[in-house]
Amino acid sequence: TVVKSKQTDKFDQYLDAKGLNCPLPILKSKMLLNKMQPNEILLVEATDPHSQIDFEAYCVRTEHEIIESTVDDDGVYRFTIKRALNPKKI
(Lines give C-alpha, C1' and ligand atoms only; values in the text may rest on other atoms or scores of the structure.)
Protein backbone atom coordinates (compact mmCIF):
# COMPACT_ATOMS: atom_id res chain seq x y z
CA THR A 1 0.00 0.00 0.00
CA VAL A 2 1.39 3.36 -0.98
CA VAL A 3 0.47 6.19 1.31
CA LYS A 4 1.07 9.73 0.11
CA SER A 5 1.29 12.50 2.64
CA LYS A 6 2.05 16.17 2.46
CA GLN A 7 4.28 15.75 5.50
CA THR A 8 6.76 13.54 3.66
CA ASP A 9 7.27 16.26 1.05
CA LYS A 10 9.23 18.33 3.55
CA PHE A 11 12.33 17.02 5.27
CA ASP A 12 15.69 18.45 6.31
CA GLN A 13 17.85 15.32 5.98
CA TYR A 14 17.54 12.13 3.95
CA LEU A 15 19.07 8.73 4.69
CA ASP A 16 19.10 5.95 2.11
CA ALA A 17 19.42 2.82 4.25
CA LYS A 18 18.08 0.47 1.57
CA GLY A 19 19.99 -2.83 1.49
CA LEU A 20 21.34 -2.36 5.02
CA ASN A 21 20.42 -4.80 7.78
CA CYS A 22 19.82 -4.19 11.46
CA PRO A 23 21.35 -2.36 13.28
CA LEU A 24 22.85 -0.19 10.50
CA PRO A 25 19.68 1.78 9.57
CA ILE A 26 19.23 2.78 13.22
CA LEU A 27 22.90 3.56 13.81
CA LYS A 28 23.13 5.75 10.71
CA SER A 29 19.87 7.49 11.63
CA LYS A 30 21.13 8.09 15.16
CA MET A 31 24.31 9.72 13.83
CA LEU A 32 22.31 12.02 11.56
CA LEU A 33 19.72 12.90 14.22
CA ASN A 34 22.52 13.79 16.67
CA LYS A 35 23.78 16.43 14.19
CA MET A 36 20.33 17.84 13.42
CA GLN A 37 18.52 20.71 15.14
CA PRO A 38 15.40 20.15 17.30
CA ASN A 39 12.20 19.71 15.26
CA GLU A 40 14.09 19.10 12.01
CA ILE A 41 12.75 16.20 9.93
CA LEU A 42 14.70 13.11 8.85
CA LEU A 43 13.35 10.91 6.05
CA VAL A 44 14.74 7.36 6.13
CA GLU A 45 14.21 4.70 3.47
CA ALA A 46 15.06 1.12 4.43
CA THR A 47 14.40 -2.37 3.14
CA ASP A 48 15.05 -4.36 6.33
CA PRO A 49 11.66 -5.73 7.47
CA HIS A 50 12.77 -5.40 11.10
CA SER A 51 13.37 -1.68 10.65
CA GLN A 52 9.75 -0.88 11.51
CA ILE A 53 10.06 -2.44 14.97
CA ASP A 54 13.58 -1.03 15.41
CA PHE A 55 12.61 2.56 14.56
CA GLU A 56 9.52 2.45 16.76
CA ALA A 57 11.54 1.19 19.74
CA TYR A 58 14.39 3.63 19.10
CA CYS A 59 12.06 6.63 18.91
CA VAL A 60 10.20 5.64 22.08
CA ARG A 61 13.51 5.40 23.96
CA THR A 62 15.00 8.65 22.60
CA GLU A 63 11.77 10.68 22.37
CA HIS A 64 12.23 11.41 18.66
CA GLU A 65 8.81 11.37 16.99
CA ILE A 66 7.80 9.17 14.06
CA ILE A 67 5.50 11.46 12.10
CA GLU A 68 4.81 8.85 9.46
CA SER A 69 5.75 5.25 8.72
CA THR A 70 4.86 3.58 5.41
CA VAL A 71 5.87 0.63 3.29
CA ASP A 72 5.39 0.41 -0.46
CA ASP A 73 4.76 -2.59 -2.69
CA ASP A 74 8.50 -2.92 -3.37
CA GLY A 75 9.23 -3.46 0.33
CA VAL A 76 10.71 -0.01 0.94
CA TYR A 77 9.95 1.29 4.41
CA ARG A 78 9.83 5.07 4.84
CA PHE A 79 10.11 6.74 8.20
CA THR A 80 9.58 10.45 8.69
CA ILE A 81 11.12 11.31 12.04
CA LYS A 82 11.07 14.62 13.90
CA ARG A 83 14.12 15.22 16.04
CA ALA A 84 13.35 15.64 19.73
CA LEU A 85 14.08 18.87 21.57
CA ASN A 86 16.23 17.05 24.14
CA PRO A 87 16.67 13.45 22.96
CA LYS A 88 17.37 10.87 25.63
CA LYS A 89 20.76 9.20 25.31
CA ILE A 90 20.75 5.43 24.86
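Residues numbered from 1 in each chain as written. Predicted model: local features only at pLDDT ≥ 70, side-chain atom pairs only at ≥ 80, totals over all residues. Heavy atoms only, no water.

Caption draft 1: Summary view of the environment of Met36. Considering the arrangement of structural elements, one finds Met36 in the loop between α1 (24–35) and β2 (41–46). In this structure the C-alpha to C-alpha distance between Met36 and Asp74, which are 38 residues apart in sequence, comes to 29 Å. Those residues in contact with Met36, other than ones at most four positions away along the chain, are Asp12, Gln13, Ile41, Leu42 and Arg83. (Helix = DSSP H or I, 4+ residues; strand = E, 2+ residues; numbered from the N terminus. Contact = heavy atoms within 4.5 Å.)

Caption draft 2: Structural view of the side chain of Arg83. With respect to the helices and strands, the residue Arg83 is situated in the segment after β4 (77–82). Buried within the structure, Arg83 lacks any salt-bridge partner; its nearest side chain of opposite charge belongs to Glu40, at an N-O separation of 6.7 Å. Polar contacts involving the side chain of Arg83 include one to the main-chain carbonyl oxygen of Leu33, which spans 2.7 Å. If we skip the residues at most four places from it in the chain, Arg83 touches Leu33, Asn34, Met36, Gln37, Pro38, Asn39, Glu40 and His64. (Buried < 20%, exposed > 50% of the residue type's maximum accessible area, 1.4 Å probe, protein only. Lys, Arg positive; Asp, Glu negative; His and termini not counted. Salt bridge = Lys/Arg side-chain N within 4 Å of Asp/Glu carboxyl O. Polar contact = N/O pair within 3.5 Å; in protein donor to acceptor, adjacent residues only side chain to side chain.)

Caption draft 3: Geometry of α1. Relative to the 16 Å expected for 12 residues at 1.5 Å per residue, α1 spans 17 Å between its end C-alpha atoms, a close match to the ideal helical length. Restricting attention to buried positions, one finds in α1 the residues Pro25, Ile26, Ser29, Leu32 and Leu33. Down the axis of α1, the buried side of the element spans an arc of 130°, and every buried residue falls inside it. With respect to the buried face of α1, the exposed residues turned more than 90 degrees away are Met31 and Lys35. (Expected span 1.5 Å × (residues − 1). Arc of directions from axis to C-beta.)

Caption draft 4: Spotlight on the nonpolar core. Ranked by internal contacts, the top residues of the largest apolar core, which has 15 residues, are Leu15, Leu33, Leu42, Val44, Phe55, Phe79 and Ile81. Of all the elements in the fold, those that place two or more residues in this core are β1 (13–17), α1, β2, α2 (51–62) and β4. Residues contacting Ile81, with those up to four places away along its chain left out, are Leu33, Glu40, Ile41, Leu42, Val44, Phe55, Cys59, His64, Glu65 and Ile66. (Core = buried A, V, L, I, M, F, W, Y, C linked by side-chain atoms within 4.5 Å.)

Caption draft 5: How the structure looks around unusual backbone geometry. Cys22 connects to Pro23 through a cis peptide bond whose omega is 5°. Non-glycine residue Glu63 carries a positive phi angle of around 75°.

Caption draft 6: The sheet that holds strand β3 (residues 65–71), seen in detail. The strand order β1-β2-β4-β3 describes an open sheet built from four strands, whose pairing is mixed. With partners counted over all chains shown, the strands left at the sheet margins are β1 and β3, one partner each. Pairs of neighbouring strands in the sheet enclose a mean axial angle of 15°, with direction left out of account. Relative to β4, β3 is paired through six bridges, and the arrangement is antiparallel. Across the sheet, the residue bridging to Glu68 is Thr80, located in β4. Contacts between α1 and the sheet are confined to β1, β2 and β4, with β1 contributing the most and set at about 165° to the helix. Set on the sheet, α2 makes contact with β2, β3 and β4; between it and β4 the angle comes to about 10°. (Pairing = 2+ DSSP bridges. Axes fitted to C-alpha atoms, helices over the stretch in contact; angles between N-to-C directions.)

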